[in-house]
Amino acid sequence: MAAFCIRVTKKTMFMVLGRRAPAKDLLADQYVFSRKHDGIRVRISCNGVLSTRNGMILHPPWTYGTITHPLDGELCMRDADAQGHARVMRAIHTAAWDTLIIRVFDHFPDKTDDSFIDRYNRLVKRFSSRIHPALQLVEQHEFPSDGYVQDYLHGLLDTCSSENCEGVVVRSKDGAYITTGKRDARVIFKVKNPAYESA
């Protein structure tokens with residue numbers, strides 16, 4: 001059986017990331033950051049359907065238990081390859097699901113004014129109980145309480161290089177989940193590991 005073969009009628013409107021840090025300084029205590037691994041953006045519906053941003057339904061041999069909110073994440077190689085997108089595609093086509101993991105970093109909200117930190121705390125609570133080993137919660141980290149986000153990005157990218165990560169994602173704690181397709185770097189943005197700028 002093909003690894004994926006069905007296109008859903010309607011594409012999911014994922015939140016999109018700003019491609020660079022805003023020019024205006026951002027207060028560090030109002031943001032969190034996480035490491036980003038290269039892969040394929042996916043959504044897990046409440047009934048366990050796994051689909052991509054382009055509307056393709058994937059068929060891994062997994063069940064996820066109870067999901068109260070659709071999950072937003074990245075289907076990645078378990079070995080956290082910074083340039084893993086092509087390898088993920090090969091793994092899907094060859095049904096090598098044991099080499100893949102879904103790194104969950106958000107969920108689709110019930111209401112538009114739901115803040116990221118509220119959504120993340122729900123995920124922490126959900127992942128504190130037993131959940132499928134193919135799902136991993138992406139840990140969010142606080143910046144030091146003083147200064148600006150931009151002051152710390154260089155050091156974070158040095159860490160990404162040593163850990164072979166694609167880069168860093170920075171999120172506003174108060175940020176809503178935006179589904180308009182517009183990029184707002186004040187709410188969420190990524191900065192790429194310089195070693196993979198061309199990726």
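Heads up: the structure comes first, above all this text.
Keep in mind that this is a model prediction, so the values were computed, not measured. (Residues numbered from 1 in each chain as written. Predicted model: local features only at pLDDT ≥ 70, side-chain atom pairs only at ≥ 80, totals over all residues. Heavy atoms only, no water.)

### Things to note about the nonpolar core
Proteins that are soluble and globular tend to have nonpolar side chains buried together.
Phase 1: L75, L100 and I102 are the most contacted members of the largest nonpolar core, which has 22 residues in total.
Phase 2: Mapped by element, the contributors of at least two residues to this core are β3 (39-44), β6 (71-77), α1 (85-93), β7 (100-107) and α2 (116-127).
Phase 3: With residues near it in sequence (within four places) discarded, I102 still touches V42, I44, L50, W62, Y64, E74, L75, A134, L135 and Q136.
Phase 4: Core analysis: the second largest hydrophobic core is formed by 16 residues, F143, C160, V170 and V191 among them. (Core = buried A, V, L, I, M, F, W, Y, C linked by side-chain atoms within 4.5 Å. Buried < 20%, exposed > 50% of the residue type's maximum accessible area, 1.4 Å probe, protein only. Helix = DSSP H or I, 4+ residues; strand = E, 2+ residues; numbered from the N terminus. Contact = heavy atoms within 4.5 Å.)

### Quick word on a positive patch on the surface
Phase 1: The grouping of R19, R20, R53 and R183 at the surface amounts to a positive patch.
Phase 2: Along the chain, the position of R183 falls in the loop between β10 (167-172) and β11 (188-192). (Patch = residues over 30% accessible without salt bridge, like charges linked within 9 Å, V, L, I, M, F, W, Y side chains within 5 Å. Areas by Shrake-Rupley, 256 points an atom, 1.4 Å probe, with all protein chains shown as cover. Salt bridge = Lys/Arg side-chain N within 4 Å of Asp/Glu carboxyl O. Lys, Arg positive; Asp, Glu negative; His and termini not counted. Charge placed at Lys NZ, Arg CZ, Asp CG, Glu CD.)

### Looking at α2
Phase 1: Helix length check: α2 (12 residues) gives 16 Å between terminal C-alpha atoms against 16 Å at 1.5 Å per residue, within 8%.
Phase 2: Along α2, the positions that sit buried rather than exposed are F116, R119, Y120, L123 and F127. Along the axis of α2, the buried positions cluster into a sector of 100 degrees, meaning they face one direction only.
Phase 3: Looking at the buried positions of α2, the neighbouring elements they touch are β2 (31-36), β6, β7, β8 (135-137) and β10. (Expected span 1.5 Å × (residues − 1). Arc of directions from axis to C-beta.)

### Observations regarding a negative patch on the surface
Phase 1: Side chains of D25, D29, D146 and D151 sit close together on the surface and give a patch of like negative charge.
Phase 2: Its place among the elements puts D25 in the loop between β1 (4-7) and β2.
Phase 3: Residue D25 is classed as partly exposed on the basis of its relative accessible area of 43%.

### Some points on α1
Phase 1: Taken together, the buried positions of α1 are V88, A91 and I92. Seen from one end, α1 has its buried residues packed into an arc of 100 degrees, which puts them on one side. In α1, the exposed residues that point more than 90 degrees away from the buried face are R90 and H93.

### Topic: unusual backbone geometry
Phase 1: Non-glycine residue A95 carries a positive phi angle of around 55 degrees.
Phase 2: Along the chain, the position of A95 falls in the loop between α1 and β7.
Phase 3: The class for A95 is partly exposed, based on a relative accessible area of 45%.

### Points about the layout of surface pockets
Phase 1: For the largest pocket, the calculated volume is near 700 Å³.
Phase 2: In terms of lining, the largest pocket is formed by 32 residues, of which the most central are G39, I40, R41, R53 and E74.
Phase 3: Every element with two or more residues in the lining of the largest pocket is listed here: β2, β3, β5 (56-58), β6, α1, β7, β10 and β11.
Phase 4: For the lining of the largest pocket, the per-class residue count stands at 13 nonpolar, 6 polar and 13 charged. (1 Å grid on protein atoms, 1.4 Å probe; cavity = no way out; pocket = protein on both sides within 12 Å on 5 of 7 lines; lining within 4 Å. Points joined across faces, edges and corners; volume = space filled by probe spheres on them. Nonpolar A, V, L, I, M, F, W, Y, C, P; charged D, E, K, R; others polar.)

### As for the packing of aromatic side chains
Think of a pair of aromatic rings as described by two things: how far the centres are apart, and how the planes are tilted against each other in angle.
Phase 1: What the rule picks out here adds up to 6 aromatic pairs.
Phase 2: On the basis of an interplanar angle of 20 degrees and a centroid distance of 6.0 Å, the ring pair of F116 and Y120 is categorised as stacked. Linking F116 with Y120, this pair stays in helix α2, spanning 4 residues, or about one helical turn.
Phase 3: By relative accessible area, which is 2% here, F116 ends up buried. (Phe/Tyr/Trp six-rings, centres within 6.5 Å; stacked < 30°, edge-to-face > 60°.)

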